[in-house]
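What follows is the residue order along each chain.
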Amino acid sequence: MSLQRDRQTDELFRSILSLGSVEECYQYFEDLCTVKEIRDLGQRLEVARLLSQGSSYLQAGEATGASSATIGRVKRCLNYGSGGYGMIIERMKEGGTADA
């Protein structure tokens with residue numbers, strides 16, 4: 001499961017990197033994504049955080065409302081993905097923005 005690099009995707013990621021605050025993220029992502037897409041991304045990140053802390057599928061589902069399919073996909077990414085969730089979860093811990 002590898003995202004192919006292309007100019008449009010590179011530009012998307014550069015645009016995200018240019019954001020300087022949570023408020024700017026709200027402004028940009030509200031224009032870029034639907035509310036549901038943003039909520040789904042946040043839910044996946046929370047599922048990843050919970051699973052990485054040892055929560056069960058059931059506990060993660062109860063805490064987030066995520067489906068078993070979403071939880072399974074996040075778990076596969078944690079175990080066999082590119083390491084993005086782990087990297088971000090660690091950075092959030094270090095920065096004090098995630099529960100340790």
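Here the structure is a predicted model, which means the values were calculated and not measured. (Residues numbered from 1 in each chain as written. Predicted model: local features only at pLDDT ≥ 70, side-chain atom pairs only at ≥ 80, totals over all residues. Heavy atoms only, no water.)

Peer 1: An account of the pattern of salt bridges is needed here, citing residue identities and associated values.
Peer 2: Tallying each qualifying case throughout the model produces five salt bridges. Between Glu 46 and Arg 49 there is a salt bridge, with the nearest N and O atoms lying 2.6 Å from each other. Of this pair, Glu 46 and Arg 49 both sit in helix H3 (residues 35–52), three residues apart, roughly one helical turn. For Glu 46, a relative accessible area of 29% translates into the label partly exposed. For Arg 49, a relative accessible area of 11% corresponds to the buried category. The shortest N-O distance in the salt bridge between Lys 93 and Glu 90 comes to 3.4 Å. Remark: Glu 90 and Lys 93 occur in helix H6 (residues 84–95); sequence separation between them is three residues, near one turn of the helix. Here Lys 93 falls in the partly exposed class, since its relative accessible area comes to 32%. (Salt bridge = Lys/Arg side-chain N within 4 Å of Asp/Glu carboxyl O. Helix = DSSP H or I, 4+ residues; strand = E, 2+ residues; numbered from the N terminus. Buried < 20%, exposed > 50% of the residue type's maximum accessible area, 1.4 Å probe, protein only.)

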